[in-house]
Amino acid sequence: MIRKLFRNARVFSPWDEGSPARGREQQNSVRFWPEAALIVTDGLIEAVGEEMEILELAASKEIHQEVDCGGMCLIPGFVDPHTHMCFAANREGEFKERLAGVSYLEILARGGGILSTVREVRKATEEELLEESLARALRALELGTTTMEIKSGYGLETRAELKMLRVIRRISMETPLDVVPTFLGAHAVPEEYRGNPQGYLEFLLEEMLPEVSRQGIARFCDVFCEQGVFSVEESRRILGRASQLGLGLKIHADEVHDTGGAALAAELGATSAEHLLAASHEGLRAMAGAGVVAVLLPGTALSLKKPYAKARQMIKMGVPVALATDCNPGSCYLESIPLVFALAVLGMGLSVEEALTAATLNASYALGMASRVGSLNQGKQADFVLLEGDSPAVLAYRLGAESCIQAVYKRGEQVA
Ligand code: NIG
Ligand code: FE
């Protein structure tokens, strides 16, 4: 057994009371100890609190290592609950077209966008895909992300989807990160099924989903529910099947158009609904009632030049709000939760405490990982970030504040 003492830190952490923090709790759940210490035993938090009290407790125990945090801010490691960072090649050319006014869905409709990444991912070997994707995951780790979700969805055929899911599993094994794999076979209708979306739907339901479930290689199933992609009716069938097969449910809902994705998430009891740029009031009300976590992606709104999701309204309505990067080659190529944090505070009007809860505790609920990560409660993993600054406000204050991330710890070990 290895026991470590971390002292001389300003600790800020949302407090996990057994459910995602919503409404006023999104703000009030954050605890602050200006002079704090932590005892970490075998990578788990044994105690956290006021320094004098923790030192007293530590005096009666064998301590193998003591770390002076230099008076820095200590916050939980970020949890990024929505990424597509397993991909090959970039789409910078398409980005320039978007700047010239071509819309994201237009590019997809003519066979570019997601479908161009599908061509690249199908071509890439497993090793090539791993090399590129691993570099992105490690960049996120350096920026304070200690747990992340990664979606498949650029294979859209059994072989390539499984290749992606194996790469995602290897990122989890070959880095200190906790990685939650999500199957997104319903990301687009692939070219070979152009004009026959029904055929792809049947293939997905009858072949791919059962095989993914049989291999136990994904924890969630997600659907891109959007005009011209998958309808609410189709999404209901896919997620219904996924649920029967034991997968957790996520949905890309109302990203560009309000198609009723938010209400569907509530109806199915999904763990989270993501994007929600165009979600209706009724949809959000249903989510609040069902306790579905809203995963907001302000980097995507910025990159698509769309208004931000109505985060203030969601919090007021009692929808638990989480934040994520959406890291993908099309709508938002971004690994940085610190930048997402800044956009949430400066662009969506979240308070610093609300954004901290969104980027840690609520994000861990969006991944079904709250028993292990997302806050500094006793018994959870000692995943944390040391920040140079008086408070987590520095993440929004020093824009592109990546230099304020001084150290990243995973299960009590410094990893960046
Ligand atoms: O979350 N909207 C669908 N999926 C991603 C974009 C994927 C891509 O363009 O490659 C998103 O925005
Ligand atoms: Fe996405």
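Our subject is the structure that appears above.
Below or above, wherever it landed, is the structure these notes cover.

About the thresholds
- Residues numbered from 1 in each chain as written.
- Chains lettered and ligands numbered in written order.
- Predicted model: local features only at pLDDT ≥ 70, side-chain atom pairs only at ≥ 80, totals over all residues.
- Heavy atoms only, no water.
- Donors = N, O, S within 2.8 Å, 3.2 Å for Na, K, Ca; no water.
- Helix = DSSP H or I, 4+ residues; strand = E, 2+ residues; numbered from the N terminus.
- Buried < 20%, exposed > 50% of the residue type's maximum accessible area, 1.4 Å probe, protein only.
- Patch = residues over 30% accessible without salt bridge, like charges linked within 9 Å, V, L, I, M, F, W, Y side chains within 5 Å.
- Areas by Shrake-Rupley, 256 points an atom, 1.4 Å probe, with all protein chains shown as cover.
- Salt bridge = Lys/Arg side-chain N within 4 Å of Asp/Glu carboxyl O.
- Lys, Arg positive; Asp, Glu negative; His and termini not counted.
- Charge placed at Lys NZ, Arg CZ, Asp CG, Glu CD.
- Near = heavy atom within 4 Å.
- Polar contact = N/O pair within 3.5 Å; in protein donor to acceptor, adjacent residues only side chain to side chain.
- Nonpolar A, V, L, I, M, F, W, Y, C, P; charged D, E, K, R; others polar.
- Phe/Tyr/Trp six-rings, centres within 6.5 Å; stacked < 30°, edge-to-face > 60°.
- Lys NZ or Arg CZ within 6 Å of the ring centre and 35° of its normal.
- Core = buried A, V, L, I, M, F, W, Y, C linked by side-chain atoms within 4.5 Å.
- Contact = heavy atoms within 4.5 Å.
- Pairing = 2+ DSSP bridges.
- Axes fitted to C-alpha atoms, helices over the stretch in contact; angles between N-to-C directions.
- Arc of directions from axis to C-beta.

On to the coordination of the iron ion (ligand 2). With distances of 2.0 to 2.3 Å, the protein atoms coordinating the iron ion (ligand 2) are His82 (NE2), His84 (NE2), His252 (NE2) and Asp326 (OD). All donors of the iron ion (ligand 2) belong to a single chain; written as a sequence motif, their spacing is H-x1-H-x167-H-x73-D. On the criterion of sequence distance, the pair formed by histidine 82 in the loop between β6 (78–80) and α3 (92–99) and histidine 252 in strand β10 (residues 248–253) is long-range, its members being 170 residues apart. For the pair histidine 82 and histidine 252, a shared accessibility class is recorded, and that class is buried.

A negative phi angle characterises most non-glycine residues, just as the trans form characterises most peptide bonds. The backbone of alanine 89 sits at a positive phi, close to 65 degrees, despite the residue not being glycine. Here alanine 89 is to be found in the loop between β6 and α3. Taking the relative accessible area as the measure of exposure, alanine 89 reaches 28% and is therefore partly exposed. Within the chain, lysine 305 stands out as a residue other than glycine whose phi angle is a positive 55 degrees. Residue placement: lysine 305 occurs in the loop between α12 (298–304) and α13 (311–317).

On the surface, Glu35, Glu50, Glu53 and Glu56 cluster together into a negatively charged patch. Mapped onto the elements, glutamate 53 comes out in helix α2 (residues 51–59).

Further remarks concern the site of ligand 1. Of all residues adjacent to ligand 1, which total 16 residues, the nearest are Tyr104, Tyr154, Glu255, His275 and Ser331. Separating a nitrogen atom of ligand 1 from a side-chain N or O atom of histidine 187 is a distance of 2.8 Å. Interatomic distance of 2.9 Å between a side-chain N/O atom of aspartate 326 and an oxygen atom of ligand 1. Against a free-state accessible area of 320 Å², the protein chains account for coverage of 100% of ligand 1. The residue makeup of the shell around ligand 1, split by class, is five nonpolar, eight polar and three charged.

Time to look at the pattern of salt bridges. Enumeration according to the criterion identifies 32 salt bridges in this entry. A salt bridge links arginine 122 to glutamate 192, with the shortest nitrogen-to-oxygen separation between them at 2.8 Å. Of the two residues, arginine 122 sits in helix α5 (residues 114–123) while glutamate 192 sits in the loop between β8 (178–186) and α8 (197–215), which places them 70 residues apart along the sequence. For glutamate 192, a relative accessible area of 47% gives the class partly exposed. Between lysine 250 and glutamate 274 there is a salt bridge; the shortest N-O distance is 3.1 Å. Highlighted residues: lysine 250 in strand β10 and glutamate 274 in strand β11 (residues 272–275), separated in sequence by 24 residues.

For the rest of this paragraph, the subject is the packing of aromatic side chains. Within the structure shown, the criterion is met by nine aromatic pairs. Taken together, a centroid distance of 5.3 Å and an interplanar angle of 85 degrees make the contact between phenylalanine 6 and tyrosine 409 edge-to-face. With phenylalanine 6 in strand β1 (residues 3–14) and tyrosine 409 in strand β15 (residues 405–410), this pair connects stretches of sequence that are 403 residues apart. Like tyrosine 409, phenylalanine 6 is buried. Here tyrosine 200 and phenylalanine 203 contribute two aromatic rings whose centre-to-centre distance is 6.1 Å and whose plane-to-plane angle is 40 degrees, an arrangement assigned as tilted. One end of the pair, tyrosine 200, and the other, phenylalanine 203, are both in helix α8, three residues apart, so they sit about a helical turn from each other. The two residues tyrosine 200 and phenylalanine 203 agree in class, both being buried. Clustering of aromatic rings is evident, with ring pairs tying together Phe6, Phe384 and Tyr409. Note that lysine 250 overlies the ring of phenylalanine 220, its terminal NZ or CZ placed 5.0 Å from the centroid.

Moving on, we get to the nonpolar core. Membership of the largest hydrophobic core comes to 110 residues, with the highest contact counts inside it found for Phe183, Ile238, Leu276, Met287, Leu296, Met314 and Leu387. Take this core: its biggest share by element is eight residues, from α8. Residues in contact with isoleucine 238, not counting those within four places in the same chain, are Ala186, Leu201, Leu204, Leu205, Leu209, Cys221, Val223 and Phe230. Ranked by size, the runner-up nonpolar core spans 19 residues in total, among them Trp33, Val40, Val67 and Leu376.

Considering the arrangement of structural elements, one finds glutamate 335 in the loop between β13 (321–323) and α14 (337–346). The side chain of glutamate 335 sits in the buried core without any salt bridge; arginine 139 is the nearest counter-charge, 4.4 Å away. Look past the residues within four positions of glutamate 335 in its chain and what remains in contact with it is Met85, Arg136, Arg139, Ala140, Leu143, Thr325 and Cys327.

Across the sheet, which stays open at both edges, the eight strands sit in the order β6-β7-β8-β9-β10-β11-β12-β13 with parallel pairing between neighbours. The strands lining the two open edges of the sheet, one partner per strand, are β6 and β13. Taken pair by pair, the neighbouring strands of this sheet meet at an average axis angle of 25 degrees, ignoring direction. In the sheet, β8 pairs with strand β9 (residues 220–225) via three bridges, with the strands oriented parallel. Looking at the pairing, threonine 182 lines up with phenylalanine 220 of β9.

Below, the discussion takes up α2. Every buried residue belonging to α2 is among Glu51, Ile54 and Ala58, and all of these are buried. Here the buried residues of α2 occupy an arc of 65 degrees about the axis, which is enough to place them on one side. Counted as exposed and oriented over 90 degrees from the buried face of α2: Met52, Glu53, Glu56 and Ala59.

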